[in-house]
Amino acid sequence: MAYPQSYPAPIGLLLGIAPTTLSVLGAGLCLWFRKSNPVFCFAIAVALAYYSSDMSETQSSAAFIFIPLAWMGLAVSEERGLLTPSGFTKGLLLIVASGMIATLGYPANDLGIFSNLWIDLNYAMQWRPSWGDWMPLPALSFGAFSLAALILTVRLIIKHRPMDAGYLGGLIALFGAALRYGDLPATPIFITLASLLLILSLFQESHRMAFLDELTRIPARRALLADMKKLGRRYTLAMVDIDFFKKFNDTYGHDVGDQVLRMVSSRLNQTGGGCRAYRYGGEEFTLLFPGKSVDEAFDYLEEVRERIQGTVFVIRGSDRPTKKPTKSKKRPQKNTGNKKVKVTVSIGVSERTEKHEDPMDVMKKADRALYKAKDKGRNCVIEM
């Protein structure tokens, strides 16, 4: 980007088609992965690449105010699908905003009663503080990019999702395009980078959805099966089952059952000894101890079993309000029927031996130990 004149002719040709090609490819991947919001982001990238050499200074200033705000709005809004009222609304807003930016290319005299408004808008969008040459963007454009970057950074820190990283990276790339706007070899490179980061985040998001359990936020069964292929000659595997979970679920409801699953997975994920926790399915979990024998892993299993047993759940009464009442509405309350319950788990554990070398055989052996733990009265660890 520093020396665009040194690019060979094929590179220049590639830069001419890369932004549009990658954006169309990304939009197709979005439809495949059922992601609607990135489709609009790719549309923004295509429009910017197509009109980057035709916009006036006023239009480019307006575009670089609208683009970061629209990018941020798409990143934080919920996925509702393209052919839904939400999808149509987002598309309509983008079209209306594009039309408004296009009108800024007309001379003020052609806008009649809106000519004064055009002049005021032009002045506001072109205003630059006396901050020197380090920032070529007008104040409103720089402020829009800064606000969007701040919000997306906070969202990434909170959510830890690949798509949020892709949105933030794409925004930074578009900021580079804004800084080098008018430099045709550089602008397509930044737009191409924005599309590439979004495409990469789409693949990472699909990988996360496939290998991470959405409810408990720990690796799922597919991740377990993949990791089992990478185990060495020494490891221990444990199968964990929540005691009486079906009865508990039927008594208190699925919402409370989901809370129990999240609590248990959180405790299991804190198991020491280099343990890796996975949700095998339903109320069953798997713990892997690479490089450890049963004797070395047993104390860690007992520790996590006791930690789960010591966690007390409070089931709210059906007449308890969902919101905290204000002081003026506080009244003496009757017993709401809140109930404290304890959750326990049964654990079966086994290690690799010369007789049971295959990981699936070790898992079956741990599963038989789990059934023995249930027959013994549950809430215990049995090894085989």
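Residues numbered from 1 in each chain as written. Predicted model: local features only at pLDDT ≥ 70, side-chain atom pairs only at ≥ 80, totals over all residues. Heavy atoms only, no water.

Undergrad: Can you help me understand a positive patch on the surface in this one?
TA: Together, Lys355, Lys364, Arg368 and Lys372 line one region of the surface with positive charge. Topologically, Lys372 is positioned in helix α13 (residues 359-375). (Patch = residues over 30% accessible without salt bridge, like charges linked within 9 Å, V, L, I, M, F, W, Y side chains within 5 Å. Areas by Shrake-Rupley, 256 points an atom, 1.4 Å probe, with all protein chains shown as cover. Salt bridge = Lys/Arg side-chain N within 4 Å of Asp/Glu carboxyl O. Lys, Arg positive; Asp, Glu negative; His and termini not counted. Charge placed at Lys NZ, Arg CZ, Asp CG, Glu CD. Helix = DSSP H or I, 4+ residues; strand = E, 2+ residues; numbered from the N terminus.)

Undergrad: Explain the nonpolar core to me, please; I cannot follow it from the model alone.
TA: Counting 45 residues, the largest nonpolar core has Trp71, Leu152 and Tyr167 as its most contacted members. At the level of elements, α1 (9-33), α2 (37-51), α3 (57-76), α4 (85-103), α6 (139-159), α7 (162-179) and α8 (186-211) are the ones that each hand at least two residues to this core. Per element, the largest residue contribution to this core is ten residues, and it comes from α3. Apart from residues no more than four positions distant in its own chain, Leu152 is found in contact with Trp71, Met72, Ala75, Val76, Tyr167, Leu168 and Leu171. (Core = buried A, V, L, I, M, F, W, Y, C linked by side-chain atoms within 4.5 Å. Buried < 20%, exposed > 50% of the residue type's maximum accessible area, 1.4 Å probe, protein only. Contact = heavy atoms within 4.5 Å.)

Undergrad: Hey, could you run me through the sheet that holds strand β7 (residues 381-383) in this one?
TA: Each strand in a sheet pairs with its neighbour through backbone hydrogen bonds, running either in the same direction (parallel) or in the opposite one (antiparallel). Across the sheet, five strands lie side by side as β2-β3-β1-β6-β7; this open sheet has mixed pairing. The open sheet has two edge strands, β2 (276-281) and β7, and neither has a second partner. Across this sheet, the average inter-strand angle for adjacent strands is 20°, counted without regard to direction. Here β2 runs beside strand β3 (residues 284-290); their pairing, made up of five bridges, is antiparallel. (Pairing = 2+ DSSP bridges. Axes fitted to C-alpha atoms, helices over the stretch in contact; angles between N-to-C directions.)

Undergrad: Which parts of the structure should I look at to understand the pairing of β3?
TA: The side chains of a regular strand alternate between the sheet's two faces. Of all the seven residues making up β3, six are buried; the element is thus mostly covered by neighbouring parts of the structure. One ladder, built from seven bridges, connects strand β1 (residues 235-242) with β3; its direction is antiparallel. Directly across from Val240, in β3, lies its bridge partner Phe285. Where β2 hands over to β3, the hairpin turn is made up of two residues, of which Gly282 adopts a positive phi near 60°.

Undergrad: Is there a simple way to explain the side chain of Ser141 in this structure?
TA: Along the chain, Ser141 falls in helix α6. When its relative accessible area of 0% is taken as the criterion, Ser141 is described as buried. Engagement of the side chain of Ser141 in a polar contact is seen with the backbone oxygen of Ser61, the distance being 3.2 Å. When residues no more than four places from it in sequence are discounted, the contact partners of Ser141 are Ser61, Phe64 and Ile65. (Polar contact = N/O pair within 3.5 Å; in protein donor to acceptor, adjacent residues only side chain to side chain.)

Undergrad: How should the confidence of the model for the chain be read in this particular structure?
TA: Keep in mind that low pLDDT regions are not for reading the predicted coordinates in detail. Mean pLDDT over the chain works out to 83, with 83% of the residues at or above the 70 mark. Confidence drops under a pLDDT of 50 for residues 328-336, and excluding neighbours within four residues, the segment shows five contacts in the predicted structure. (pLDDT = per-residue confidence, 0-100.)

Undergrad: Can you help me understand the pattern of salt bridges in this one?
TA: Where charged atoms of side chains with opposite charge meet at close range, the side chains can pair. Inspection of every chain in the model, using the stated rule, returns 14 salt bridges. Here Asp227 ties to Lys230 by a salt bridge, and the two come within 3.9 Å at their closest N and O atoms. Taking the relative accessible area as the measure of exposure, Lys230 reaches 65% and is therefore exposed. Between Lys246 and Asp250 there is a salt bridge, with the nearest N and O atoms lying 3.2 Å from each other. Of the two residues, Lys246 and Asp250 are both situated in helix α10 (residues 245-252); the distance of four residues between them amounts to about one turn of the helix. Each member of the pair, Lys246 together with Asp250, is exposed.

Undergrad: How do you make sense of the packing of aromatic side chains when you look at a structure like this?
TA: Given two aromatic rings, their pairing is described by the distance between the two centres and the angle made by the two planes. Per the counting criterion, the structure on display carries six aromatic pairs. Taking the centre distance of 6.5 Å and the plane angle of 25° together, the rings of Phe289 and Tyr300 count as stacked. Here Phe289, found in strand β3, pairs with Tyr300, found in helix α12 (residues 294-309); they are eleven residues apart in sequence, far enough to count as distant. Its relative accessible area of 31% is what places Tyr300 among the partly exposed residues. Among the aromatic residues, ring-to-ring pairing joins Phe64, Phe142, Phe145 and Phe175 into one connected group. When the ring centre of Phe244 is taken as reference, the NZ or CZ atom of Arg378 above it lies at 4.3 Å. (Phe/Tyr/Trp six-rings, centres within 6.5 Å; stacked < 30°, edge-to-face > 60°. Lys NZ or Arg CZ within 6 Å of the ring centre and 35° of its normal.)

Undergrad: Quick question: what am I supposed to make of the state of the cysteines here?
TA: One covalent bond between the sulfur atoms of two cysteine residues makes up a disulfide. Throughout the structure, instances matching the rule amount to zero disulfides. In this structure Cys30 is not part of a disulfide, and its nearest cysteine sulfur, from Cys41, lies 8.3 Å away. Its relative accessible area of 0% is what places Cys41 among the buried residues. (Disulfide = S-S within 2.5 Å.)

Undergrad: Which parts of the structure should I look at to understand the side chain of Lys365?
TA: Along the chain, Lys365 falls in helix α13. Glu351 provides the closest opposite charge to the buried, unpaired Lys365, separated from it by 7.0 Å. Sequence-distant contacts of Lys365, that is, excluding residues within four places in its chain, are made with Ser350, Thr353, His356 and Met384.

Undergrad: Whenever I open this one, α13 confuses me. Can you help?
TA: Owing to its 3.6 residues per turn, the α-helix aligns residues three or four sequence positions apart on the same side. Between its terminal C-alpha atoms α13 stretches 24 Å, which fits the 24 Å expected from 17 residues at 1.5 Å a residue. Here α13 has its buried residues at Pro359, Val362, Met363, Lys365, Ala366, Ala369, Leu370 and Ala373. The arc enclosing the buried residues of α13, seen along the axis, measures out at 160°, which places them on a common side. Opposite its buried face, α13 presents the exposed residues Tyr371 and Asp375, each directed more than 90 degrees away. (Expected span 1.5 Å × (residues − 1). Arc of directions from axis to C-beta.)

Undergrad: How do you make sense of the environment of Leu14 when you look at a structure like this?
TA: If you trace the backbone, Leu14 turns up in helix α1. Given the relative accessible area of 47%, Leu14 is considered partly exposed. Residues Leu14 and Pro188, 174 residues apart in the sequence, show an inter-C-alpha distance of 9.7 Å.

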